[in-house]
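Chain and residue survey
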Amino acid sequence: MNFWRKMKRSDWVFHTALLSLYGFFANCRPAEPFLTPYLVGPKNISEEVVTNYLFPIWTYSYLAVLCPVFLLTDLLRYKPLIVAQGLFLVINYILLCFANSLTALTYLQFNFAMVTSTEVAYFSYIYSVIPPERYQRATGYVRSAMLTGYTFGATLGQLLISLAGTSYFHINTITLGLMAVAFCVSLVLPMPQNGMFFKKKVDVSSETLNEVGGTDIAKEATGRCCAWGNIIKTSGKQMWESLKETYSSRSLVQWSLWWALATAGYGQVFNYVQLMWDHIEPSSTASVYNGGVEAVCTLVGAAAAFSVGYIRVQWGVWGELSLGGFSAVGAGCVFLMGFTDNIWLCYAGYAVFKASYMFLITITMFQIALNLSMECYALTFGINTFVALTLQTILTAVVVDNSALGLDITTQFLVYGGYYSTISVLFLMQGLYTVCKHYCKSAAEINTSRPPSAILEEKYKELDPQTTQNKNEHSTL
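Reading guide: rules and limits
Residues numbered from 1 in each chain as written. Predicted model: local features only at pLDDT ≥ 70, side-chain atom pairs only at ≥ 80, totals over all residues. Heavy atoms only, no water. Helix = DSSP H or I, 4+ residues; strand = E, 2+ residues; numbered from the N terminus. Buried < 20%, exposed > 50% of the residue type's maximum accessible area, 1.4 Å probe, protein only. Contact = heavy atoms within 4.5 Å. Areas by Shrake-Rupley, 256 points an atom, 1.4 Å probe, with all protein chains shown as cover. Core = buried A, V, L, I, M, F, W, Y, C linked by side-chain atoms within 4.5 Å. Patch = residues over 30% accessible without salt bridge, like charges linked within 9 Å, V, L, I, M, F, W, Y side chains within 5 Å. Salt bridge = Lys/Arg side-chain N within 4 Å of Asp/Glu carboxyl O. Polar contact = N/O pair within 3.5 Å; in protein donor to acceptor, adjacent residues only side chain to side chain. pLDDT = per-residue confidence, 0-100. Axes fitted to C-alpha atoms, helices over the stretch in contact; angles between N-to-C directions. Parallel < 35°, antiparallel > 145°, perpendicular 65-115°, else oblique. Left-handed = near helix turned anticlockwise from the far one by under 90°. Nonpolar A, V, L, I, M, F, W, Y, C, P; charged D, E, K, R; others polar. Phe/Tyr/Trp six-rings, centres within 6.5 Å; stacked < 30°, edge-to-face > 60°. Expected span 1.5 Å × (residues − 1). Bend = angle between axes of the 7 residues up to and from the residue.

With that out of the way, let us pick up the overall build of the protein. From N to C terminus, the protein includes 19 helices and zero strands. Out of the 477 residues belonging to the protein, those deemed buried represent 47%. Residue pairs in contact within the protein that sit at least 24 positions apart in sequence constitute 85% of those at least 6 positions apart. Put simply, the protein shows about 23,400 Å² of open surface, and 66% of that area lies on carbon and sulfur atoms.

Bringing the nonpolar core into the picture now. If you look at the biggest cluster of nonpolar residues, it comprises 104 residues, and the most contacted ones within it are Trp258 and Phe413. Top element by residues in this core is helix α12 (residues 250–280). It accounts for 15 residues. In contact with Trp258, other than residues within four places in its own chain, are Thr263, Leu323, Ser327, Tyr357, Leu360, Ile361, Thr364, Ile423 and Phe427. Tyr62, Leu66, Ala113 and Leu389 belong to the second-largest nonpolar core, a separate cluster that totals five residues.

What follows covers a nonpolar patch on the surface. Together, Leu72, Leu75 and Leu76 make up a nonpolar patch on the protein surface, roughly 210 Å² of accessible area in all. One can find Leu75 in helix α4 (residues 47–75).

So, on to the side chain of Ser283. Here Ser283 lies in the loop between α12 and α13 (290–307). For Ser283, a relative accessible area of 17% translates into the label buried. There is a polar contact of 2.8 Å between the side chain of Ser283 and the side chain of Asp278. Leave out the neighbours within four places in its chain, and Ser283 touches Pro37, Val40, Tyr168, Asp278 and Val288.

What follows deals with the pattern of salt bridges. Tallied over the entire structure, the rule returns two salt bridges. Residue Arg29 is joined to Glu32 by a salt bridge in which the shortest nitrogen-to-oxygen separation is 2.7 Å. For the pair formed by Arg29 and Glu32, the shared burial category is buried. Close ionic contact of Lys354 with Glu294 constitutes a salt bridge, the shortest N to O distance being 3.2 Å. Placement of the pair is Lys354 in helix α15 (residues 343–370) and Glu294 in helix α13, with a sequence separation of 60 residues. Glu294 shares its class with Lys354; the two are buried.

Relative to the assigned elements, Ser327 resides in helix α14 (residues 315–339). We classify Ser327 as buried; its relative accessible area is 1%. At 3.0 Å, the side chain of Ser327 and the side chain of Trp258 are in polar contact. Reaching out from Ser327, the side chain makes a polar contact with the backbone oxygen of Leu323 at a distance of 2.6 Å. Every residue in contact with Ser327, bar those within four places of it in the chain, is listed here: Trp258, Leu360, Tyr420, Ile423 and Ser424.

Here the focus is the confidence of the model for the protein. Scored by pLDDT, the protein has a mean of 79; 75% of the residues are at 70 or more. Below a pLDDT of 50 lies the segment residues 1–9, which in the model reaches one contact outside its immediate sequence neighbourhood of four places, other chains included. Below pLDDT 50 for its whole length, residues 470–477 participates in two contacts with residues either more than four positions away or in separate chains.

As a further point, take the packing of α12 against α13. Running from amino to carboxyl end, α12 crosses α13 at an angle of 140 degrees, the nearest separation of the two axes being 12 Å. Between α12 and α13, the angle falls in the class oblique. Here the hand of the crossing between α12 and α13 comes out right-handed. Between α12 and α13, the contacting residues are Phe270, Gln274 and Trp277 on the first element and Asn290, Val293 and Glu294 on the second. Each residue belonging to the contact of α12 with α13 can be placed in one class, and the counts come to three nonpolar, two polar and one charged.

Our focus in this paragraph is the packing of helix α2 (residues 11–27) against helix α5 (residues 79–98). Following both chains from N to C, one finds α2 and α5 inclined at 20 degrees, their axes separated by 12 Å at the closest point. When the axes of α2 and α5 are compared, the pair comes out roughly parallel. When the axes of α2 and α5 are compared, the crossing they make is left-handed. Touching Leu19, Tyr22 and Ala26 of α2 are Ile82, Gln85, Gly86 and Leu89, all from α5.

The next subject is the packing of aromatic side chains. Taken as a whole and assessed by the stated rule, the structure comprises 20 aromatic pairs. Taken together through their ring pairs, the aromatic side chains of Trp258, Tyr266, Phe270, Phe353, Tyr357, Tyr419 and Tyr420 make up a single cluster.

On to α12, then. Between its first and last C-alpha atoms α12 spans 43 Å; for 31 residues at 1.5 Å apiece the expected length is 45 Å, and the two agree. Where α12 bends most, at Tyr272, the angle is about 45 degrees.

Here Gly86 lies in helix α5. The buried category is assigned to Gly86, whose relative accessible area is 0%. With 99 residues separating them in the primary sequence, Gly86 and Val185 have C-alpha atoms 8.8 Å apart. With residues up to four places along the chain from it excluded, the contact list for Gly86 reads Tyr22, Met179 and Phe183.

Written out as structure tokens, the structure is:
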């Protein structure tokens with residue numbers, strides 16, 4: 001009896017543990033770092049088709065389904081979308097294992113877009129089932145589980161290929177088994193009672209309908225429709241108020257702008273870096289270390305993100321300058337990946353690029369969440385993601401797609417380096433202006449806060465230091 005009472009008081013631990021377990025298995029994908037070698041190797045898809053046809057479909061599909069999924073996430077109260085994500089992950093690796101036609105692999109990109117679009121449900125679920133005072137700890141546990149799962153999966157994949165000589169097909173079957181475990185865990189997640197915006201539940205059971213007559217059924221259905229209309233109207237009004245609260249602050253707009261711009265560039269680099277590695281050192285003729293590199297990059301990025309909690313900086317003053325400076329580092333790394341023919345330099349550039357991005361995105365999320373309610377933060381997360389994805393889609397349509405420029409992979413990375421350089425210049429200029437404005441304002445406040453007698457005394461001393469010294473000695477006597 002005491003055990004169950006203790007569990008009731010610690011419901012947040014149970015919910016967090018289940019969600020962390022799901023996050024670990026859903027991100028433990030040994031096959032993911034080797035997707036490009038698998039497609040251009042055993043699947044016999046040319047590098048040009050993968051670069052300029054298959055991968056852009058994921059970007060377009062992601063943009064198309066993001067908004068509907070975001071609204072359904074709150075309306076359906078998170079769990080159904082998490083279960084759907086687990087199911088789509090299983091389907092994803094069934095297709096990778098057994099589908100060979102270009103049509104099936106085209107659908108695979110849409111299927112994976114559904115996986116990534118439902119991530120908003122995963123990130124939002126925890127805030128609907130635990131008390132606010134546990135947000136920070138629960139978020140830390142969930143993100144740690146995700147990073148641990150991704151690192152473990154990438155390391156396992158690398159070990160299986162390098163030491164056991166496992167084929168890409170069997171690594172995909174192992175990943176399929178892990179996704180099945182994640183799907184099973186998603187089924188036992190508790191169902192939240194309310195969403196963040198759609199607060200009220202409206203349920204009409206078949207038993208209730210059978211108990212009332214035909215006229216009453218019509219009245220009941222009409223009442224339910226009106227109730228849904230009121231809920232949607234109230235929820236829309238709440239979303240609009242949250243939107244105004246978020247973007248009425250100039251500082252929050254600046255952080256959100258960087259989030260959207262940088263995430264779009266990061267998404268492009270992340271999506272196509274395996275093609276760059278395969279271009280520099282083809283997987284058909286050389287050993288592949290993609291899994292080891294991804295594992296190291298994730299650990300370095302996690303350490304950089306973890307260090308944010310121990311840095312004491314006036315982000316309101318130095319934030320924009322930091323965003324510009326680290327964006328310049330990211331631009332340099334992307335240019336290095338585009339220009340070098342050495343695979344290890346390319347690996348190193350990617351590691352620094354990913355670490356700097358994870359460091360800055362952690363700061364950005366913290367700064368945005370600092371002064372917002374969870375409703376506002378969830379909405380901001382969705383809007384910033386949508387803007388980033390829109391920019392990424394534009395980049396894909398212009399730079400990657402065959403119907404436009406259709407650039408080769410090396411030229412693409414030079415374009416992405418220029419893109420990050422533009423972000424860097426914008427925020428460095430704004431950051432310098434903010435710092436200068438802050439110190440000018442501080443100097444003015446210091447001068448105006450001093451009493452007039454002290455200012456006159458200082459001026460008098462500057463004009464005649466000896467007389468001032470004599471005056472002070474006389475005053476002492």
